[in-house]
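Each chain is listed here by its residues.
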Amino acid sequence: MSSMNDKLNEIMLMAGQFTFSEITKRQFSVNIKSSGLLSVLGLLRQKGFTHLSLITGIDRLNDEKFEVVYTLFCWESGETILVSTLVDRKTPVLPTIMEMWPVARFYERDVHEFFGIVFDGNPDLKPLILENWSEIPPMRKDFDPHKYSKEHFPDRKYNADFLSEGGGEDE
């Protein structure tokens, strides 16, 4: 853990206030302010976290924020670190990290498509899956899938034999 302590001290100098937790012996979580995101991710890359495994979003509807989580892996130590930051739901913009990890292009496209978060500097935020989508992004908690289905597929009848007893189409 001493090498992780050294990394955390450097993160504190760059990012200021942050929270840290040990999930397992080799998996850690760091929550930082979005203003320190590029510096902290750059530092972790320099310290051996060269593999970007995933970028994902979490809708914190009650807090009016999105949480964006970057999963990084260090091949030398076998450690995984989850770096998360919050962004305002009304103006969800974060900088792209494509210069550090070119594969971020596709992860950022995915998060943009399903949550509506813009990654400033990523020139390719076109949809990966949802062609001609005109609704709010479907992973937002205020997206209503039942309403969407009723509006877009009004004549469809669903004979669902797999529903539990007493369950109908509207349950």
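Data block above holds the structure.
Reading the values: rules and limits
- Residues numbered from 1 in each chain as written.
- Predicted model: local features only at pLDDT ≥ 70, side-chain atom pairs only at ≥ 80, totals over all residues.
- Heavy atoms only, no water.
- Phe/Tyr/Trp six-rings, centres within 6.5 Å; stacked < 30°, edge-to-face > 60°.
- Helix = DSSP H or I, 4+ residues; strand = E, 2+ residues; numbered from the N terminus.
- Buried < 20%, exposed > 50% of the residue type's maximum accessible area, 1.4 Å probe, protein only.
- Salt bridge = Lys/Arg side-chain N within 4 Å of Asp/Glu carboxyl O.
- Core = buried A, V, L, I, M, F, W, Y, C linked by side-chain atoms within 4.5 Å.
- Polar contact = N/O pair within 3.5 Å; in protein donor to acceptor, adjacent residues only side chain to side chain.
- Contact = heavy atoms within 4.5 Å.
- Pairing = 2+ DSSP bridges.
- Axes fitted to C-alpha atoms, helices over the stretch in contact; angles between N-to-C directions.

## Section: the packing of aromatic side chains
For any two aromatic rings, the description comes down to two numbers: the centre-to-centre distance and the angle of the planes.
(1) Moving on: Summed over the entire model, instances satisfying the criterion amount to seven aromatic pairs.
(2) Moving on: Centroid distance Trp133 to Tyr148: 4.8 Å. Interplanar angle 25°. Geometry classified as stacked. Residue Trp133 is located in the loop between strand 7 (118–120) and helix 4 (145–152), and its partner Tyr148 is located in helix 4; the two are separated by 15 residues in the primary sequence.
(3) Moving on: Take Tyr148: its relative accessible area is 18%, and that puts it in the buried class.
(4) Moving on: Through successive ring pairs, a cluster of aromatic residues spans Trp133, Phe143, Tyr148 and Phe153.

## What to know about the pattern of salt bridges
(1) Moving on: Evaluated as defined, the whole model comprises eight salt bridges.
(2) Moving on: Asp142 is paired through a salt bridge with Arg89; the nearest N and O atoms lie 3.0 Å apart. Of this pair, Asp142 sits in the loop between strand 7 and helix 4 while Arg89 is found in the loop between strand 5 (79–88) and strand 6 (93–95), placing the two residues 53 residues apart along the sequence.
(3) Moving on: Overall, Asp142 belongs to the partly exposed group, its relative accessible area being 40%.

## Digging into the nonpolar core
(1) Moving on: Membership of the largest hydrophobic core comes to 31 residues, with the highest contact counts inside it found for Leu41, Tyr70, Leu72, Val83 and Ile97.
(2) Moving on: For this core, the secondary structure elements donating two or more residues are strand 2 (27–32), helix 2 (37–46), strand 3 (51–60), strand 4 (65–74), strand 5 and helix 3 (104–115).
(3) Moving on: Considering every element that reaches this core, the biggest residue donor is strand 4, with five residues.

## Examining the side chain of Glu67
(1) Moving on: Tracing the backbone through its elements, the reader meets Glu67 in strand 4.
(2) Moving on: Side chain to side chain, Glu67 and Ser84 meet in a polar contact 3.3 Å long.
(3) Moving on: Not counting residues within four places of it along the chain, the set of residues in contact with Glu67 comprises Asn31, Thr56, Gly57, Ile58, Arg60, Ser84, Thr85 and Leu86.

## A few points about the sheet that holds strand 1 (residues 18–24)
(1) Moving on: If you trace the five strands from one edge of the open sheet to the other, you get 1-2-5-4-3, paired in mixed fashion. The sheet terminates laterally at strand 1 and strand 3, the two strands that pair on one side only. Adjacent strand axes in the sheet meet at a mean angle of 20° when their direction is disregarded.
(2) Moving on: Here ten bridges tie strand 4 to strand 5, and the two strands are oriented antiparallel to one another. By the bridge assignment for strand 5, Thr71 is matched with Leu82.
(3) Moving on: Together, strand 2, strand 4 and strand 5 form the strand contacts of helix 2, whose direction differs from that of strand 5 by roughly 170°.
(4) Moving on: Contacting strand 3 and strand 4, helix 3 crosses the sheet at an angle of about 10° to strand 3.

## Side note on unusual backbone geometry
(1) Moving on: In this model, Glu64 sits at a positive phi of 55°, which is unusual for a non-glycine residue.
(2) Moving on: Within the secondary structure, Glu64 sits in the loop between strand 3 and strand 4.
(3) Moving on: Judged by its relative accessible area of 39%, Glu64 is partly exposed.
(4) Moving on: Its identity as a non-glycine residue notwithstanding, Asn132 has a phi of 55°, on the positive side.
(5) Moving on: You can see Asn132 is positioned in the loop between strand 7 and helix 4.

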